[in-house]
Amino acid sequence: MKLIEVNSVTKEYARGFYALKNLTFSVEEGSFVSIVGPFGCGKTTILNLLGGITEDYIGNIKIRKESPAKARKTRKIGYVFQKPALLPWRNVIRNITLPLEISGIEKYEKAYDLLKIVKLEYAAKKMPHELSRGMQQLICIARSLILDPDVLLLDEPFCSIDEINRGKMQNRLLEIHKQTNKTTLLVTHSLNEAVYLSDQIIILTSRPAKVKRIIDIDFQERNEKVFFSEKFLNYLKIIKAELSNE
Amino acid sequence: MNNLFNIILGIFIFVLLWQSCIVVLELPTYILPSPFEVLTALKLNWKTILFHTEITFYESFSGFLIANLISIVIALIIAFHQKIEDLVIPIAIVIKTMPIIAIAPLLIIWFGPGLFSKIVTSMLVCFFPSLINTLRGVKCLDRNLLMLFKIYGVNKKQLIKMFILPSILPFLFAALKVSSSLAVVGALVGEFIGSNKGLGFLIISNYYNMNTALVLATVAVSSIMGISFYYIIHFFEKKFVLRSELSI
């Protein structure tokens, strides 16, 4: 079942300055989809449209048959930004419960379950500045899941994390996806990350972005050995070839 | 401990230089009394000084409080309606550029010779630095966090309570610190122009009587009041603003 449907979407920032033009794609429920494309092609704009943050566009976007703005209001969307967006004056657990407080829901024990999922139970009472950037992003992911959204939008969450820790974070993200089965849309510049994590990769053209190609990724299992497999390298080759023309 | 020692050493050097000036330049008491004479004046007139200190404290604290409350309210309104800034800032600049000593007589004509005109004087002196600092805090709000709150469908009241006020706290304390010492100056200026009570009045009336020792004693007390204001705010800043933010 298609959870996200994007049909002929055009986004114009200033007169004649298009970020997206006739963008069309769809995302299956429960899948992990990555969006890759040249720098500044409008990847974050797509997430902002899906997240209901940017509301003026031409075309049709549906998230479980609802507009993004409505989906945002009914709390069907979880969003993680490039930079960890944590409130520095709140400890970890109070950061995770923030959406519950805003919504007036008092099921705070769920925050501890999510901390277990991201394997950071020990950090519940820590302040954000006491955690590494990767950990902060995991807390943001935990927070984005607290309202049990249908869709998880991730905007390059691990972009400023070193290679070794990035690998750990990617594995953690895979586990989270496996446990929660949330439809996840990841914007990334790292082709390795996209191939390793995704079921499907959407390759965009340069600005104004259109879908250039959609590639289905198929691995029996995902672990560090995958990086050295022929299949993995083939996927990389295909994506690089598509992007090198842009 | 080291800090306290430096303060004591600084005071000691200052007093030594002061006394040396009197001895070397052979200055008469009505020009520059000795530190001992100032202390004696303070001791002999402590009840009078205390009475006038209470008045000045009330005026300056009220002016300080009103100015900062108005600044916070304006900054919050601007946070939601940015166009209002273009309207408010020119007015604030006009208030700032008017010399307070020149408009103090007008304030006394408009608001009477009582405490209220001094509260207004104090408020006007505090208003601009307080507004500018608080506004800076509103302009530095983290865009990502703002988007995050938008995604979760926050209402205005929640946004102010959960995000804007805690975010602008470091700027708010900077505003409070700057305006705390200015508030005392504002109240004193108001009292200089037209009053029969307050430390400003005590200074001006003893200046006419050439009682320089008491003038200096009163000046010292008003300085102590300003410094105390500052350090009380500094204490609360340390308590409420994160250490990590203070060190930035």
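Residues numbered from 1 in each chain as written. Chains lettered and ligands numbered in written order. Predicted model: local features only at pLDDT ≥ 70, side-chain atom pairs only at ≥ 80, totals over all residues. Heavy atoms only, no water.

**Looking at the interface of chain A and chain B**
Moving on, step 1. Listed as interface residues are 24 residues of chain A and, on the opposing side, 19 residues of chain B.
Moving on, step 2. On the chain A side of the contact with chain B, Phe81, Trp89 and Ile102 of chain A bury the most area, a combined 32% of that side's loss.
Moving on, step 3. Our count for the chain A to chain B interface comes out at one salt bridge.
Moving on, step 4. As a salt-bridge pair, Asp142 of chain B and Lys83 of chain A come within 3.5 Å of each other at their nearest N and O atoms.
Moving on, step 5. The interface formed by chain A and chain B contains three residue pairs in polar contact (both at pLDDT 80 or more).
Moving on, step 6. Every element with two or more residues in the side of chain A that touches chain B is listed here: β5 (77–80), α4 (98–103) and α6 (133–145) of chain A.
Moving on, step 7. When residues in the side of chain A that touches chain B are grouped by element, the largest group, four residues, is from α4 of chain A.
Moving on, step 8. Per-class residue counts for the side of chain A that touches chain B are 14 nonpolar, three polar and seven charged. (Contact = heavy atoms within 4.5 Å. Buried area = accessible area lost by both parts, 1.4 Å probe. Salt bridge = Lys/Arg side-chain N within 4 Å of Asp/Glu carboxyl O. Polar contact = N/O pair within 3.5 Å; in protein donor to acceptor, adjacent residues only side chain to side chain. Helix = DSSP H or I, 4+ residues; strand = E, 2+ residues; numbered from the N terminus. Nonpolar A, V, L, I, M, F, W, Y, C, P; charged D, E, K, R; others polar.)

**Some points on the side chain of Thr188 of chain A**
All names here are of chain A.
Moving on, step 1. Looking at the secondary structure, you find Thr188 in the loop between β7 (183–187) and α8 (191–197).
Moving on, step 2. Residue classification places Thr188 among the buried positions, given a relative accessible area of 2%.
Moving on, step 3. One polar contact links the side chain of Thr188 to the main-chain amide nitrogen of Ser190, over a distance of 3.0 Å.
Moving on, step 4. Looking at Thr188, its side chain comes within polar contact range of the side chain of Glu193, at 2.8 Å. (Buried < 20%, exposed > 50% of the residue type's maximum accessible area, 1.4 Å probe, protein only.)

**A word on the packing of helix α8 (residues 156–193) of chain B against helix α10 (residues 212–240) of chain B**
Residues and elements named next belong to chain B.
Moving on, step 1. Two numbers describe how α8 lies on α10: the axes approach to 9 Å, and their chain directions differ by 170°. When the axes of α8 and α10 are compared, the pair comes out roughly antiparallel. You can see that α8 and α10 cross each other, and the crossing is right-handed. Along its contact with α8, which presents Leu169, Pro170, Phe173, Leu176, Lys177, Ser180, Val184 and Leu188, the element α10 presents Ser222, Met225, Gly226, Phe229, Tyr230, Ile233, His234, Phe236, Glu237 and Phe240.
Moving on, step 2. Its residues placed into classes, the contact of α8 with α10 shows 12 nonpolar, four polar and two charged. (Axes fitted to C-alpha atoms, helices over the stretch in contact; angles between N-to-C directions. Parallel < 35°, antiparallel > 145°, perpendicular 65-115°, else oblique. Left-handed = near helix turned anticlockwise from the far one by under 90°.)

**Some remarks on the packing of aromatic side chains**
Moving on, step 1. One pass over the structure, following the stated rule, counts 17 aromatic pairs over all chains.
Moving on, step 2. On the numbers, 5.6 Å between centres and 10° between planes, the contact of Phe57 of chain B with Phe61 of chain B is stacked. Of the two residues, Phe57 of chain B and Phe61 of chain B are both situated in helix α3 (residues 46–80); the distance of four residues between them amounts to about one turn of the helix.
Moving on, step 3. For Phe57 of chain B, a relative accessible area of 40% gives the class partly exposed.
Moving on, step 4. Residue Phe61 of chain B is classed as partly exposed on the basis of its relative accessible area of 32%.
Moving on, step 5. Note on Phe111 of chain B and Phe116 of chain B: the rings are 5.3 Å apart at their centroids and 85° apart in plane angle, and the pair reads as edge-to-face.
Moving on, step 6. A relative accessible area of 37% means that Phe111 of chain B is categorised as partly exposed.
Moving on, step 7. Taking the relative accessible area as the measure of exposure, Phe116 of chain B reaches 45% and is therefore partly exposed.
Moving on, step 8. A connected cluster of aromatic rings, assembled from ring pairs, spans Tyr196, Phe219, Phe227, Phe232 and Tyr235 of chain A.
Moving on, step 9. Seen from the ring of Tyr18 of chain A, Lys21 of chain A lies directly overhead, with NZ or CZ sitting 4.3 Å from the centre.
Moving on, step 10. Above the face of the Phe80 of chain B ring, Lys156 of chain B is positioned so that its terminal group lies 5.3 Å from the ring centre. (Phe/Tyr/Trp six-rings, centres within 6.5 Å; stacked < 30°, edge-to-face > 60°. Lys NZ or Arg CZ within 6 Å of the ring centre and 35° of its normal.)

**So, the pairing of strand β6 (residues 151–155) of chain A**
Residues and elements named next belong to chain A.
Moving on, step 1. Counting buried residues along β6, five of its five residues qualify, which places the element largely inside the surrounding structure.
Moving on, step 2. Alternating residues of β6 divide into Val151, Leu153 and Asp155 and Leu152 and Leu154, and every residue in both groups is buried.
Moving on, step 3. Across four bridges, β5 lies against β6 in parallel orientation. The residue of β6 that forms the bridge with Val80 is Leu154.
Moving on, step 4. Direction of pairing for β6 relative to β7: parallel, over a ladder of five bridges. (Pairing = 2+ DSSP bridges.)

**Things to note about the confidence of the model for chain B**
Residues and elements named next belong to chain B.
Moving on, step 1. Of all residues in chain B, 97% attain a pLDDT of 70 or more, and the chain-wide mean is 90.
Moving on, step 2. Averaged pLDDT values over the elements of chain B bottom out at 52 in helix α11 (residues 243–246) and peak at 94 in α3.
Moving on, step 3. Scored as a complex, the prediction yields pTM 0.81 and ipTM 0.84. (pLDDT = per-residue confidence, 0-100.)

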